[in-house]
Amino acid sequence: MRQPGTASDQEKLIRRLNEAEVEANMISNRWVYDNSVCKRHGLTRREVEVLTWVAGGKSNTEIGLILGTSPRTVGKHLEHIFEKLGVETRTAAAVRALALTSSQ
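In this text, all values refer to a predicted model and were calculated from it rather than measured experimentally.

Peer 1: I'd like a description of the overall build of the protein, backed by residues and values.
Peer 2: Assigned secondary structure in the protein consists of six helices and zero strands. If you list the helices and strands of the protein from N to C, you get α-α-α-α-α-α. In the protein, which comprises 104 residues, the proportion classed as buried is 34%. For the protein, contacts bridging at least 24 residues in sequence account for 57% of all contacts bridging at least 6. A total of about 6,700 Å² of accessible surface is found on the protein, and carbon and sulfur atoms cover 53% of it.

What follows is the structure, given as structure tokens:
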């Protein structure tokens, strides 16, 4: 039995997921509303959305559900993102996105 006032593992996980979504929304807002970042790297609005969710720790399946598309389509967007940002992994793309938004 857990003590009153302590969060269960499930509650902690939900809190962390909510924090990740808030962070992803903040990144998205910075990217989408700063068109110069998007234009400079040739990213489409949809690629920015995918990259935002990747930076928030979402899987292709989760991103597909959020955006109403298939995981395979998300993977294709990621291929284009990797090429445009000059990276090879989703982690590198997320780090690059965070670096670009924080330098603006």
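Peer 1: Can you explain the nonpolar core? Please cite residues and give values.
Peer 2: Within the largest apolar cluster, 19 residues are counted, with the highest numbers of intra-cluster contacts made by Val50, Leu51, Ile63, Leu78, Ile81, Leu85 and Ala93. Broken down by secondary-structure element, the contributors of at least two residues to this core are helix H3 (45-55), helix H4 (60-67), helix H5 (71-85) and helix H6 (90-102). Excluding residues that lie within four positions of it along the chain, Val50 makes contacts with Ile63, Leu67, Val74, His77, Leu78 and Ile81.

Peer 1: So what's going on with the pattern of salt bridges? Which residues, and what values?
Peer 2: Counted by the stated rule, this structure contains three salt bridges. Linking Glu47 and Lys84 is a salt bridge whose minimum nitrogen-to-oxygen distance equals 2.8 Å. Remark: Lys84 occurs in helix H5 and Glu47 occurs in helix H3; sequence separation between them is 37 residues.

Peer 1: I'd like to hear about the environment of Val50, residue by residue, with values.
Peer 2: Structurally, Val50 can be placed in helix H3. Expressed as a C-alpha distance, the spacing of Val50 and Gly64, which sit 14 residues apart in the sequence, is 8.9 Å.

Peer 1: I'd like a description of the packing of H3 against H4, backed by residues and values.
Peer 2: The contact between H3 and H4 brings their axes to 10 Å, and the two run at 130 degrees. Judged on the interaxial angle alone, H4 and H3 are oblique. Handedness of the H3/H4 crossing: right-handed. Contacts between H3 and H4 pair Arg46, Glu49, Val50, Trp53 and Val54 from the former with Ile63, Ile66 and Leu67 from the latter. Residues of the contact of H3 with H4, tallied by class, amount to six nonpolar, no polar and two charged.

Peer 1: Give me the packing of H3 against H5: which residues, what numbers.
Peer 2: Packed helix pairs are specified by the crossing angle of their axes together with the interaxial distance, meaning the distance between the axes. Relative to each other, H3 and H5 sit at 95 degrees, their axes nearing to 9 Å. By the angle between their directions, the pair H3 and H5 is classed as roughly perpendicular. Contact residues: H3 offers Arg46, Glu47, Val50, Leu51 and Val54, while H5 offers Val74, His77, Leu78, His80, Ile81, Lys84 and Leu85. Within the contact of H3 with H5, the residues separate by chemical class into seven nonpolar, two polar and three charged.

The rules we used
- Residues numbered from 1 in each chain as written.
- Predicted model: local features only at pLDDT ≥ 70, side-chain atom pairs only at ≥ 80, totals over all residues.
- Heavy atoms only, no water.
- Helix = DSSP H or I, 4+ residues; strand = E, 2+ residues; numbered from the N terminus.
- Buried < 20%, exposed > 50% of the residue type's maximum accessible area, 1.4 Å probe, protein only.
- Contact = heavy atoms within 4.5 Å.
- Areas by Shrake-Rupley, 256 points an atom, 1.4 Å probe, with all protein chains shown as cover.
- Core = buried A, V, L, I, M, F, W, Y, C linked by side-chain atoms within 4.5 Å.
- Salt bridge = Lys/Arg side-chain N within 4 Å of Asp/Glu carboxyl O.
- Axes fitted to C-alpha atoms, helices over the stretch in contact; angles between N-to-C directions.
- Parallel < 35°, antiparallel > 145°, perpendicular 65-115°, else oblique.
- Left-handed = near helix turned anticlockwise from the far one by under 90°.
- Nonpolar A, V, L, I, M, F, W, Y, C, P; charged D, E, K, R; others polar.

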